[in-house]
Number of protein chains: 2
Amino acid sequence: MTVHDAHTRMTTGELGVPFTRVALTNGETFDRYCTEGPGSDPEVGLAPLREEWIIARDDTEDYDGRETQLLDDGRSALRRGAAADQWRGIARRPRKGTNITQMHYARAGVITREMEYVAVREGCDVELVRSEVAAGRAIIPANVNHPEAEPMIIGKRFLVKVNANIGNSAVTSSIAEEVDKLTWAVTWGADTVMDLSTGEDIHTTREWIMRNSPVPIGTVPIYQALEKVNGEADRLTWEIFRDTVIEQCEQGVDYMTIHAGVLLRYVPMTADRITGIVSRGGSIMAGWCLAHHEENFLYTHFDELCEIFKQYDVSFSLGDGLRPGCTADANDEAQFSELRTLAELTARAWEHDVQVMVEGPGHVPLNLVEENVVLQQDWCHGAPFYTLGPLATDIAPGYDHITSAIGAATIAMHGTAMLCYVTPKEHLGLPDRDDVKTGVITYKLSAHAADIAKGHPRARDWDDALSKARFEFRWRDQFALSLDPHTAEAFHDETLPADNAKTAHFCSMCGPKFCSMKISQDVRERFGSTLTPEVGMKEKSAEFVELGGTVYVEPQPRA
Amino acid sequence: MTVHDAHTRMTTGELGVPFTRVALTNGETFDRYCTEGPGSDPEVGLAPLREEWIIARDDTEDYDGRETQLLDDGRSALRRGAAADQWRGIARRPRKGTNITQMHYARAGVITREMEYVAVREGCDVELVRSEVAAGRAIIPANVNHPEAEPMIIGKRFLVKVNANIGNSAVTSSIAEEVDKLTWAVTWGADTVMDLSTGEDIHTTREWIMRNSPVPIGTVPIYQALEKVNGEADRLTWEIFRDTVIEQCEQGVDYMTIHAGVLLRYVPMTADRITGIVSRGGSIMAGWCLAHHEENFLYTHFDELCEIFKQYDVSFSLGDGLRPGCTADANDEAQFSELRTLAELTARAWEHDVQVMVEGPGHVPLNLVEENVVLQQDWCHGAPFYTLGPLATDIAPGYDHITSAIGAATIAMHGTAMLCYVTPKEHLGLPDRDDVKTGVITYKLSAHAADIAKGHPRARDWDDALSKARFEFRWRDQFALSLDPHTAEAFHDETLPADNAKTAHFCSMCGPKFCSMKISQDVRERFGSTLTPEVGMKEKSAEFVELGGTVYVEPQPRA
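Q: Can you tell me about the sheet that holds strand 1 (residues 7-12) of chain A, naming the residues and giving the values?
A: Residues and elements named next belong to chain A. Judged by pairing direction, the sheet is antiparallel, and its 3 strands sit side by side in the order 1-2-3 without closing on themselves. Both edges of this open sheet fall to strand 1 and strand 3 (29-33), since each of them pairs with a single strand only. Pairwise comparison of adjacent strand axes, ignoring direction, gives a mean angle of 35° for this sheet. In this structure, strand 1 lies alongside strand 2 (residues 17-23), joined through 6 bridges in antiparallel fashion. Pairing of Thr-12 across the sheet is with Val-17, part of strand 2.

Structure (C-alpha cells):
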C-alpha cells in the first residue's frame, strides 16, 4: 500500500493517528501527513475506527434504516429485478433531542475524539481545532454512519486539503474500478473523495466506496435523484430528493453538494454567458425552476435538509451551480448573486449547528482569483471555501490539471481551505487510474505551494528536507521525499540507470564535470560560513588552490 | 510541420509576417501567433529572411570571420584531429563608426523592418514597438548573423514569450537530436530557444541549430569557454571567454547569458544557504573569483563585452548566477545584491545602445514572487525580466513543469516579459523530445494565463473561441483550438472513439442524458436573453414544457 520502500505508515498516541515516515539514507527520518489509511480488502472493508468513540458519547442509537428500493440502483436494478447485495442494514442516529454534530460539540466547549485526532494530525493545539469548528471557519466531515473514516479538518488555518472526484457515468466504469480509483487517490494523498457516479448501480457503487474509504466521502445527491426519475429533471420532487438524501446519509456520506443557491431569478442572468450554466447540478435545478416556474425546492426546503443533515452530522457543501464555465463568464452577476444566497444558507445551517463549506469556481482569470475568496470569506462569515481549480485559461484541454493548478495554488494562498482536483481529462472524458494519480499529485503540490505561501508552520520543512538531500547528492532521499518517488526515480534512471549513479555527485543534466551543486559544495566545504569579505579571503584563495586547487571535478565512470 | 490538419501557416503583408490560421467547422477562422517558421530541411537550413533588410540599410559589411579552431568543438574534435564541417565562413559587422542595434535605431527614431514585422505579429502600433525598444523596456533579439530568424519582441507591453532550453551534455545526445528538439520546440510555440550544450561538438551543434532556427537563439558562452580549458574553472581567462563570445557572435547567437553580477563580495552570502549556488554559470564564476581572489572578469570587462555585442546586435541576458535553488533561499541578500549589480550593468549596456534583458529565479514561494518582478522593474529601469519558473515548491521532482508553471504565470502576470520553461525532467535529467513538448505547452498556457490577467488586447479571444466551440459541441473545433490538438482529441477518443461522437451533444463524462451544456443550451434556445424575472416567466415555463417539455435529452446511440 505504501508508494515507496522508504515509506512506512506509522501511528502515534492512543488514538492511533497515522503519519507517513520517510526513512532517509543519512539515518534521519521525515514524517508527513498520511491519507492512505491502514489498507483494506475491498470485500471486507475497513474497521470502524470511530465506532467506539461514537458509542462512548452515548447520545446515538441504532435503528432500522430506510428500506432499500430497487430503484436505488437505477434502471439496471429494475432490469435485473433485484438490488445488489447491501452491506449494512442498520444505521445510527442521535437519541431524541440531542445534537451530535462536531459543530454542536465545539460550540458547547466539548472536545471530541475527532478533534483530538485532527489536532495530532495537524500538529496543532486542540483548542484551535475546537474554536475554528465552533466559529464555522473549519469543518470535520464525519457522518456517524461512516466510522471507517479517519478524521480530518477543512479550514484555512489548517493544511490545504485536496479532493479527488471519482464515479462512473452512463458510458463508463465498473464498481471495482471505482473502488480501485478510491484506493489509488488516497494512496497519492487525496484528503477527501467525491463519488460523482451518474451511471448504473449508483447505490451499490457508493456502498463499496464508503466501506473502503479511510477519508470522508462527498456526493451530489441530485445526480442519483435524477436517475430515479429517468433523467427527466422536471419530474424531480422534494420528496424524491429527500428520500435520496436520507438513503445517502444512512450509508455514511460525509458531505453533500446541495445546489440550493440556484434561485429562479438568477437563471436569466446566465443567458448571455458564453458557456451558460456548466454545473450539472446547477443546470438540473435551473431546468426544474424554469419548467415549473417555482423556486428551487432545495432552497425552499433548506431547513428540512438541515434537520436531516443534523441527524448524521453530514456537512453541507453548498454548490455553486452558477459557477463560470469559461474565463469570460467569471465573477459575473449570476455567480456573485448565488454566492450571496450561499452566505444566507450558511447562516441558516449554522442555526442548526450543521457544518458548512461553500463551493467556488471553476474558470477564473488570474487577476480575478483573489476577489473570489475575499468575497466568499467576507459574505459567508469565514465558512471554508472549496474550489474547483479554478482554471486560469481555457485554451489547453488535455492540460487542465495545469491550467487549474495555477488558479488553485493562487486561490488557496488567499484562503481557500480545500481544492477539488482537475485531471488531464477534464472536458474530454472521465479520469482513469493514471489521471487520478496525476490529478491528485498536481493538486497536492498546489496545496503545498499555498501552505508555504501562507507561512503554515512546518510546511516548508518538507521542501527543505528535499532540497538538502538534493544539495548533498542523496539521490535516493530526493526520490523518497518526492510527492511521486516512482516518477522521480524513473526520470533519473532514463539517462543514468546504474545503481552507483544514485550516489554519484552529478547527474545527466550537466555530466560529471559541470555540476554547480558540486562546485558550490566545494566552496562551502573549504570556506564555510566563516568566509566574509573582510577576513582572509586572499588566504582562503591560496588554501583553495592548494587543497586540490580547482573546482574541476574528476570525471567519474560512465554509469 | 503543422500540428493539426485544421492549422495552416499563413503570411500577411509585404514582409510576410506569419500567423497560424485555424479553420473551424462553422466556417469561421481563428488566427494565432506562429513560431514554427516556414519549415526547413536540416541539411540546407532556412532562407535568410532578414538578409535583404540588413543589406538595404547599407551600414554593414562582410568580413572574414574568426578562423575556426579545433578546440571550438572541444576534446572530441581534438581526438578526431579535425573540426566538423562548418556552415559559413563569412560574417557581418557594422561599417566603422556605425551602430546597428535595434535599440540604436529606435533611439534615433528609425523604424526598422524588424520593428514593422514585430508590430504586425503583435497586432500593435509600430510606434509602441519603437518607443519600448528605445526606452529599453523591450528587446528585439536579432543578431545580423542570424538572418534566418523571424523578428520577435520581448517586453511587458507585448505578449508574454516562452523560451525552451535544449542542448547536449557530456552523457547524452547527438547533433541531429538537438536540431530535432529545436524544430519540435518551435512547432509547439517556443518563442526563443537556448542551446545550453555542454558536451561534445558544441560549435557544430550550435551551427546546425542557428541555420535551422526561425526563432532567436540564446546561449551561455561560459559553458563553451569552460570546455576549452578542460572544465577547470580557475584556468578561465577573459581572453578565452572573449574569443568564445566572438565565435558565437559570428555564428549568429541572438542573446547571451552573462553572469557578470556574481561579484567576489557576494559569494560568501551564499555559504549558509540550503542549496548554495545552483546556477552553473554562477558557480563557475564564483569558483573563479575565489580561486583567484579577483573580481569577476565578466564584470571588470563588461564595457568590452558591450563593444562586442554592439557589433552584431547581440542582446545581453544578464544572468542571475546567485538565484535561489530552493524556496528557503529565495529573496535573500545574495540574490538581491546581485540584482542591484545587474541594474548597474543594464544602464552601462544602454550607454552603448546594447539591448538587455535581466534573468530571474528560480525557486520562490508564491507569496514572495511579486517582490521579485517589482524590484527588478524598479531597479533595472524597466528592462525586460526573463525568469526560470519560478518553482513554487521543491517537493515534486518529476512535476516541476507544474510547480514552476504556478510561479511562472504569477510572475508574468506581474510583468515578467519572457518565461524560460522547466520540463518534467528538471533536477533529474535532460529533457527528451516529449519533455520539450510538455515544457513548451505548459509554459505557453502559463504565458497565456498571464496575458489574460494583464488584460492584453485580444488575448482572451482565444479562450472565448474555444469556449464557444465547447458550448456548441463543436468537438473538432475544440480540439483544433487547443494548444495541443492531438492530446485533446486522443483523450476524448479514449472513451468515445467513433466519428459521430465528434458531433454528439454529449461526452463520456456525463453520458448522453446528463449534459449540463446541453441543458443550458436548451434553456437559452427556448428563452434566450429576453428572459427576465419580470416578463412572462410563467408563460415561458408553459412553453418550455410544451416544446418537448423537459430537459431530458434522448439517449443517443453508443459511440
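That was the structure; now back to the text.
Q: Explain the packing of aromatic side chains to me, and be specific about the residues and the numbers.
A: Scanning the model with the defined rule gives 22 aromatic pairs over all chains in all. Between Trp-238 of chain B and Phe-241 of chain B, the aromatic rings sit 6.4 Å apart at their centres with planes inclined by 35°, giving tilted as the arrangement. One end of the pair, Trp-238 of chain B, and the other, Phe-241 of chain B, are both in helix 9 (residues 238-251), 3 residues apart, so they sit about a helical turn from each other. Considered together, Trp-238 of chain B and Phe-241 of chain B belong to a single accessibility category, that of buried residues. Among the aromatic side chains, those forming a connected cluster through ring pairs are Trp-238, Phe-241, Trp-288 and Phe-297 of chain A. Sitting over the ring of Trp-379 of chain A, Arg-340 of chain A keeps its end group 3.8 Å from the ring centre.

Q: Summarise the state of the cysteines; cite the residues concerned and give the values.
A: Residues and elements named next belong to chain B. Going through the model one piece at a time under the given rule, you end up with 0 disulfides over all chains. Its sulfur unpaired, Cys-306 is 12 Å from the next cysteine sulfur, which belongs to Cys-249. On the accessibility criterion, Cys-306 (0% relative accessible area) is buried.

Q: Which residues make up helix 5 (residues 126-134) of chain B, and what values do they have?
A: For an α-helix, 3.6 residues make a turn, and residues three or four places apart therefore share a direction. Residue and element names in this part refer to chain B. Here helix 5 has its buried residues at Val-129, Arg-130, Glu-132, Val-133 and Ala-134. Residues of helix 5 that are buried in the fold lie against helix 3 (102-107), helix 4 (113-122) and strand 6 (138-139). Put simply, Asp-125 is the residue that caps the front of helix 5, since its side-chain oxygen is 2.8 Å from the backbone nitrogen of Glu-127. Positive backbone phi, at 85°, marks Gly-136, one or two positions downstream of helix 5.

Q: Describe in detail the pairing of strand 9 (residues 192-195) of chain B, supporting the description with residues and values.
A: Residues and elements named next belong to chain B. Across the two faces of strand 9 the burial is the same, with Thr-192 and Met-194 and Val-193 and Asp-195 all buried. Pairing of strand 8 (residues 161-166) with strand 9 involves 4 bridges; the strand directions are parallel. Directly across from Asn-165, in strand 9, lies its bridge partner Met-194. The pairing of strand 9 with strand 10 (residues 217-219) spans 3 bridges and is classified as parallel. Bridged to Asp-195 within strand 10 is Thr-219. Handedness of the crossover is the feature at issue here: the chain leaves strand 9, passes through helix 7 (residues 202-211), returns alongside strand 10, and the resulting connection is right-handed.

Q: With reference to specific residues and values, describe the confidence of the model for chain A.
A: Residues and elements named next belong to chain A. The share of residues in chain A with pLDDT of 70 or more is 88%, and the mean pLDDT across the chain is 90. For the stretch residues 529-536, pLDDT sits under 50, and the model shows 12 contacts to residues farther than four places along the chain or on other chains. In the predicted structure, residues 547-559 sits below a pLDDT of 50 and forms 32 contacts with residues beyond four places in sequence or in another chain. Scored as a whole, the predicted complex attains pTM 0.93, and scored at its interfaces, ipTM 0.93.

Q: An account of the nonpolar core is needed here, citing residue identities and associated values.
A: The biggest cluster of nonpolar side chains holds 291 residues, and the ones touching the most others in it are Phe-241 and Phe-316 of chain A together with Phe-241 and Phe-316 of chain B. Sequence-distant contacts of Phe-316 of chain A, that is, excluding residues within four places in its chain, are made with Met-256, Ile-258, Phe-302, Leu-305, Cys-306, Phe-309, Ala-349, Val-354, Gln-355, Val-356 and Met-357 of chain A.

Q: Now, about the pairing of strand 2 (residues 17-23) of chain B: what can you tell me, with residues and values included?
A: Residues and elements named next belong to chain B. Within strand 2, 5 of the 7 residues are buried, leaving the element largely enclosed by the surrounding structure. Count of turn residues in the strand 1 (residues 7-12)/strand 2 antiparallel hairpin: 4 residues, of which Gly-13 carries a positive phi of about 70°. In terms of strand pairing, strand 2 meets strand 3 (residues 29-33) through 5 bridges, oriented antiparallel. Within the sheet, the bridge partner assigned to Arg-21 lies in strand 3 and is Asp-31.

Q: Give a description of the pattern of salt bridges that names residues and reports values.
A: A side chain of one charge can pair with a side chain of the opposite charge if their charged atoms are brought near each other. Applying the stated criterion across every chain yields a total of 78 salt bridges over all chains. The salt bridge partner of Arg-273 of chain A is Asp-332 of chain A, with a shortest N-O separation of 2.7 Å. You can see Arg-273 of chain A sitting in the loop between strand 11 (255-258) and helix 10 (280-292) and its partner Asp-332 of chain A sitting in the loop between strand 12 (315-318) and helix 13 (333-351), a full 59 residues away along the chain. For Asp-332 of chain A, a relative accessible area of 18% gives the class buried. Between Lys-425 of chain A and Glu-494 of chain B there is a salt bridge whose closest N-O contact spans 2.7 Å. Residue Lys-425 of chain A is found in the loop between strand 15 (418-420) and helix 16 (433-453), and its partner Glu-494 of chain B is found in helix 19 (residues 485-495); the two belong to separate chains. Classification of Lys-425 of chain A as buried rests on a relative accessible area of 2%. Judged by relative accessible area, Glu-494 of chain B falls into the partly exposed class, the value being 48%. Via salt bridges that share partners, Arg-66, Asp-72, Arg-206, Lys-228, Asp-243 and Glu-247 of chain A belong to a single interconnected network.

Q: Kindly report on the side chain of Arg-92 of chain A, identifying the contributing residues and their values.
A: Residue and element names in this part refer to chain A. Relative to the assigned elements, Arg-92 resides in strand 5 (residues 90-94). We classify Arg-92 as buried; its relative accessible area is 11%. Side chain to side chain, Arg-92 and Thr-60 meet in a polar contact 3.2 Å long. A distance of 3.4 Å separates a polar atom in the side chain of Arg-92 from a polar atom in the side chain of Asp-62. Apart from the residues within four sequence positions on either side, Arg-92 is in contact with Glu-51, Ile-54, Ile-55, Thr-60, Glu-61, Asp-62, Tyr-63, Val-144, Asn-145 and Tyr-312.

Q: Hey, could you go over the sheet that holds strand 3 of chain B for me, with residue numbers and the actual values?
A: Residue and element names in this part refer to chain B. In spatial order, the strands read 1-2-3; together these 3 strands make up an open sheet with antiparallel pairing. The open sheet is flanked by strand 1 and strand 3, the only strands paired with a single partner. Going across the sheet, the axis of each strand differs from the next one's by a mean of 35°, ignoring polarity.

Q: Account for unusual backbone geometry, with residues named and values stated.
A: Residues Gly-389 of chain A and Pro-390 of chain A are joined by a peptide bond in cis, for which omega reads 10°. Note on placement: Pro-390 of chain A falls in the loop between strand 14 (385-388) and helix 15 (400-413). One non-glycine residue, Arg-458 of chain A, adopts positive backbone phi at about 75°. Within the secondary structure, Arg-458 of chain A is located in the loop between helix 16 and helix 17 (459-471). With a relative accessible area of 47%, Arg-458 of chain A lands in the partly exposed category. Residue Asp-58 of chain B is not a glycine yet carries a positive backbone phi of 55°.

Q: Requested: an account of the packing of helix 7 (residues 202-212) of chain A against helix 9 (residues 238-251) of chain A, with residues and values cited.
A: A pair of packed helices can be characterised by two numbers: the angle between their axes and the separation between those axes. All names here are of chain A. Between helix 7 and helix 9, the least distance of the axes is 10 Å, while the angle of their chain directions is 30°. On the basis of their axis angle, the class for helix 7 and helix 9 is roughly parallel. Every pair of crossing elements has a handedness; the one defined by helix 7 and helix 9 is right-handed. Residues His-203, Arg-206, Glu-207, Met-210 and Arg-211 of helix 7 form the contact with helix 9, whose own contacting residues are Glu-247, Gln-248 and Gln-251. Along the lines of polarity and charge, the residues of the contact of helix 7 with helix 9 split into 1 nonpolar, 3 polar and 4 charged.

Q: Got a sec to walk through the packing of helix 4 of chain B against helix 5 of chain B? Specific residues and values, please.
A: Residue and element names in this part refer to chain B. Remark: helix 4 packs on helix 5, axes separated minimally by 8 Å, with the N-to-C direction vectors making an angle of 120°. With respect to helix 5, the axis of helix 4 lies oblique. Here the hand of the crossing between helix 4 and helix 5 comes out right-handed. Contacts between helix 4 and helix 5 involve Met-115, Glu-116, Val-118 and Ala-119 on the former and, on the latter, Val-126, Val-129 and Arg-130. Class assignment for the residues of the contact of helix 4 with helix 5 results in 5 nonpolar, no polar and 2 charged.

Q: Requested: an account of the environment of Arg-458 of chain B, with residues and values cited.
A: Residue and element names in this part refer to chain B. Sequence separation between Arg-458 and Gly-123 is 335 residues, and the spatial gap between their C-alpha atoms is 9.2 Å. Setting aside anything within four residues of it in sequence, one finds Arg-458 in contact with Glu-122 and Gly-123. A polar contact is formed between the side chain of Arg-458 and the backbone oxygen of Gly-123, at a distance of 3.2 Å.

Q: Help me get a handle on the environment of Leu-388 of chain A, residues and values and all.
A: Residues and elements named next belong to chain A. As for its placement among the helices and strands, Leu-388 is situated in strand 14. Look at Leu-388 and you get buried, because its relative accessible area is 18%. Each C-alpha atom of the pair Leu-388 and Ser-40 lies 29 Å from the other, and the pair is 348 residues apart in sequence. In this view, Leu-388 contacts Arg-323, Gly-360, Pro-361, Gly-362, Cys-420, Tyr-421 and Val-422; residues no more than four positions away in its chain are not counted.

Definitions and cut-offs
- Residues numbered from 1 in each chain as written.
- Chains lettered and ligands numbered in written order.
- Predicted model: local features only at pLDDT ≥ 70, side-chain atom pairs only at ≥ 80, totals over all residues.
- Heavy atoms only, no water.
- Pairing = 2+ DSSP bridges.
- Helix = DSSP H or I, 4+ residues; strand = E, 2+ residues; numbered from the N terminus.
- Axes fitted to C-alpha atoms, helices over the stretch in contact; angles between N-to-C directions.
- Phe/Tyr/Trp six-rings, centres within 6.5 Å; stacked < 30°, edge-to-face > 60°.
- Buried < 20%, exposed > 50% of the residue type's maximum accessible area, 1.4 Å probe, protein only.
- Lys NZ or Arg CZ within 6 Å of the ring centre and 35° of its normal.
- Disulfide = S-S within 2.5 Å.
- Contact = heavy atoms within 4.5 Å.
- Polar contact = N/O pair within 3.5 Å; in protein donor to acceptor, adjacent residues only side chain to side chain.
- Right-handed = clockwise from strand over helix to strand, strands pointing away.
- pLDDT = per-residue confidence, 0-100.
- Core = buried A, V, L, I, M, F, W, Y, C linked by side-chain atoms within 4.5 Å.
- Salt bridge = Lys/Arg side-chain N within 4 Å of Asp/Glu carboxyl O.
- Parallel < 35°, antiparallel > 145°, perpendicular 65-115°, else oblique.
- Left-handed = near helix turned anticlockwise from the far one by under 90°.
- Nonpolar A, V, L, I, M, F, W, Y, C, P; charged D, E, K, R; others polar.

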